2 protein chains.
Amino acid sequence: MLFAERGYEAASLRAITAAAGANLASINYHFGSKEALLRAVMARRLVPLNLRRLEMLGRFEAEYDPAPVPVENILRALLEPISSAARSQEGSWQRFRLLVGRMYSEPTPRILAVFWGELSEIAGRFQAAIRRACPHLPENEFYWRVHFTVGAMAHTLSAGTLLEMLSRGKCDPSDLAEGVERLIAFAAAGFRAPATEAPGGAGGRPAESGRTGPQGADS
Amino acid sequence: MLFAERGYEAASLRAITAAAGANLASINYHFGSKEALLRAVMARRLVPLNLRRLEMLGRFEAEYDPAPVPVENILRALLEPISSAARSQEGSWQRFRLLVGRMYSEPTPRILAVFWGELSEIAGRFQAAIRRACPHLPENEFYWRVHFTVGAMAHTLSAGTLLEMLSRGKCDPSDLAEGVERLIAFAAAGFRAPATEAPGGAGGRPAESGRTGPQGADS
DNA sequence: GTCTATAGAACGATAGAC
DNA sequence: GTCTATCGTTCTATAGAC
């Protein structure tokens, strides 16, 4: 899938049809447009993935009911189906996850909306579950931490090259199972951290120490 | 800057020159190519930013010497110069940070290399500092956590629309100062979390509970 | 040095033959 | 229904007038 390898913008319909052995007109005939093709690709993969996520979360909630599910297990329900899919369908998911990871920072609003359409239900469902596990956080800070976790997840899906460069080969970004296990531990600790003071209010510094005051002038 | 608003691929030289009131040929005359223009844009912003980061880290290291700098302060040296710049140069940095955040998951290797060229020195320097603050982590897991932090940072820089949708307006993604403060607390807790067991080894589950075994078949 | 004009190729989409 | 051929547009890059 060239959307994944090159990004949506850089993947031309010509290159896509050539790689698939099809002809240029077939995409517009079967899907209607380049954007509709993307929508179809996303739905084909994400719908079954999201079903497995919801099912897994549901099982956890039944198990712990009426107590909140620990945040580790909520994250596991969110992330494990991805690494399972990547394990069982090596080539195809190893490419698709690049695309998914990149969609989170998609600049074009129309394209981002395609992605959000497949994501919003899952987002609401998992967000509510994590909220129950983290009653110690003000609503505002809770959302930020969800945001950070999503960012770490997206980055893990699509920025493997950077991990290889950063770790000088010590980490294998294609091993999603390892990444997911690490991420669960990392993000769960992040969610459990005590709330910071309101940043509008005086000096909510979590660590002591040095003043900073740089003011920019590089433009 | 249209690179930021539309992404590198979607921003055409025509649109860029039109928005700047310049003519189409001027970019190739002054910079040589579209890629060289990106390189120039990145360098102009990131070089002074990275100087401020290194200076801030250096001050922390002098302050704590010979003890390791707490991870909160290392993160602060990495992140605070960004939010300072965004605060003092509202429009221009609010756009540029979109571009930077997106560069982390840039699909085109040549373009990613442009970014990494401006980043590698900072990466090595800050990674070494955090390593000293986190001696409890195996090397492998340490790199993964750096990776997650970078992902959360990139996401915070460029995925503001998602935060707005996720929080239904409760968070303001343009308030980088708040995001940075939250992120420091979140990531520092993530770094401090105890190491997980090797995921190759048996069942390093941080929480008890239910088996999972989904195996994919959605292709 | 800075512009207009345009080359040469690739783009998404479609009309119309079969 | 699936193809070829091509439309009209846009792309990056450059040649050459001023």
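Residues take numbers from 1 onward in each chain, read along the sequence in its written order. Labels follow written order: the first chain is A, the first ligand is 1, and so on. Per-residue local features are limited, in this predicted model, to residues with pLDDT of at least 70; the limit for side-chain atom pairs, both in listing and counting, is 80 or more; totals at the level of whole chains, interfaces and linings are taken over all residues. To get the side-chain values, all heavy atoms of the structure are used, and hydrogens and water are removed first.

Secondary structure elements follow DSSP: runs of H or I no shorter than four residues count as helices, runs of E no shorter than two count as strands, and numbering proceeds from the N terminus. In terms of helices and strands, chain A carries 10 helices and zero strands. For chain A, the sequential pattern of α-helices and β-strands runs α-α-α-α-α-α-α-α-α-α. Here chain A holds 219 residues, and the buried ones make up 57% of them. Residues are treated as being in contact if the distance between any of their heavy atoms lies within 4.5 Å. In chain A, the share of contacts with a sequence separation of at least 24, taken over all contacts with a separation of at least 6, comes to 69%. Every accessible area reported is derived by Shrake-Rupley at a probe size of 1.4 Å, with residue values counting cover from the shown protein chains alone. Total accessible area computed for chain A in this model is approximately 8900 Å², and 56% of it derives from carbon and sulfur atoms. Note on exposure labels: buried denotes an accessible area under 20% of the residue type's maximum, exposed denotes more than 50%, and partly exposed covers the range between, all computed with a 1.4 Å probe on protein chains only.

Here the focus is the packing of aromatic side chains. Centres within 6.5 Å are what make two rings of Phe, Tyr or Trp a pair, Trp counting through its six-membered ring; a difference in plane orientation under 30 degrees is then read as stacked, over 60 as edge-to-face, and the rest as tilted. Enumeration over the complete set of coordinates arrives at 17 aromatic pairs over all chains. Taking the centre distance of 6.5 Å and the plane angle of 40° together, the rings of Phe-142 of chain A and Phe-191 of chain A count as tilted. Of this pair, Phe-142 of chain A sits in helix H8 (residues 139-158) while Phe-191 of chain A sits in helix H10 (residues 176-192), and the two are 49 residues apart along the sequence. The exposure classification of Phe-142 of chain A matches that of Phe-191 of chain A, with both residues buried. Taking the centre distance of 5.5 Å and the plane angle of 55° together, the rings of Phe-142 of chain B and Tyr-143 of chain B count as tilted. Assessed through its relative accessible area of 1%, Phe-142 of chain B is described here as buried. Every member of this aromatic cluster is reached through a ring pair, and the members are Phe-142, Tyr-143, Trp-144, Phe-148, Phe-186 and Phe-191 of chain A together with Phe-142, Tyr-143, Trp-144, Phe-148, Phe-186 and Phe-191 of chain B. The ring of Tyr-8 of chain B is capped by Lys-34 of chain B, whose NZ or CZ atom sits 4.7 Å from the centre of that ring. In this scheme, the term charge over a ring applies when either NZ of a lysine or CZ of an arginine sits within 6 Å of the ring centre and within 35 degrees of the ring normal.

What surrounds DNA strand C is a group of 14 residues, the closest being Ser-12, Leu-13, Arg-14 and Leu-24 of chain A together with Asn-23 of chain B. Residues are classed as near a molecule or strand on a simple rule: at least one heavy atom within 4 Å of it. Take the atoms of DNA strand C that sit within 4 Å of the protein: sugar and phosphate atoms are 57% of them. Definition of a polar contact: a pair of N or O atoms within 3.5 Å, with one able to donate and the other able to accept a hydrogen when the atoms are protein atoms, and with sequence-neighbouring residues admitted only if both atoms are side-chain atoms. Between DNA strand C and the protein, one listed contact pairs a base nitrogen with a side-chain N or O atom of Arg-14 of chain A at 3.0 Å. A distance of 2.8 Å separates a phosphate oxygen of DNA strand C from a polar atom in the side chain of Asn-23 of chain B. Contributions of two or more residues to the surface near DNA strand C are made by helix H2 (13-19) and helix H3 (24-30) of chain A together with helix H3 (25-30) of chain B. Think of it as three bins: nonpolar holds Ala, Val, Leu, Ile, Met, Phe, Trp, Tyr, Cys and Pro, charged holds Asp, Glu, Lys and Arg, and polar takes everything else, Gly as well. Residues that form the surface near DNA strand C fall into these classes: seven nonpolar, five polar and two charged.

In this section: the pattern of salt bridges. Whenever a carboxyl oxygen of Asp or Glu lies within 4 Å of a side-chain nitrogen of Lys or Arg, that contact is scored as a salt bridge. The tally for this structure, following the rule as stated, stands at 24 salt bridges over all chains. When the shortest N-O distance is used, the salt bridge between Glu-35 of chain A and Arg-110 of chain A registers 2.8 Å. Of this pair, Glu-35 of chain A sits in helix H4 (residues 34-64) while Arg-110 of chain A sits in helix H7 (residues 109-133), and the two are 75 residues apart along the sequence. On the accessibility criterion, Glu-35 of chain A (14% relative accessible area) is buried. Its salt-bridge partner being Glu-72 of chain B, residue Arg-192 of chain B comes within 2.8 Å of it at the nearest N-O pair. With Arg-192 of chain B in helix H10 (residues 176-192) and Glu-72 of chain B in helix H5 (residues 71-88), this residue pair connects regions lying 120 residues apart in the sequence. On the accessibility criterion, Arg-192 of chain B (46% relative accessible area) is partly exposed.

Let us now look at the relation of the copies chain A and chain B. Here the copies are matched by least squares. The fit uses the C-alpha atoms of residues with pLDDT of at least 70 in both. Mapping chain A onto chain B calls for a rotation angle of 180° and an axial translation of 0.0 Å; the resulting RMSD is 0.1 Å. Accordingly, the operation relating the two chain copies is best matched by a two-fold axis. Taken as a fraction of all interface residues of chain A, those also at the interface in chain B reach 100%, which identifies the copy contact as same-surface.

Turning to empty space enclosed by the protein, a few remarks are in order. Residues are said to line a cavity or pocket when one of their atoms sits within 4 Å of a point; the points come from a 1 Å grid over protein atoms alone, cavities being sets where a 1.4 Å probe fits but cannot get out and pockets being open sets with protein on both sides within 12 Å along at least five of seven lines. Grid points are joined across faces, edges and corners, and a volume is the space filled by probe spheres set on the points. Scanning the entire structure with this criterion turns up nine cavities of 30 Å³ or more. Roughly 300 Å³ of volume is contained in the largest cavity. Lining the largest cavity we find 23 residues, and of these Glu-106 and Pro-107 of chain A together with Arg-102, Glu-106 and Pro-107 of chain B sit closest to its centre. Put simply, the parts of the chain that give the lining of the largest cavity at least two residues each are helix H1 (2-6) and helix H6 (90-103) of chain A together with helix H6 (90-103) of chain B.

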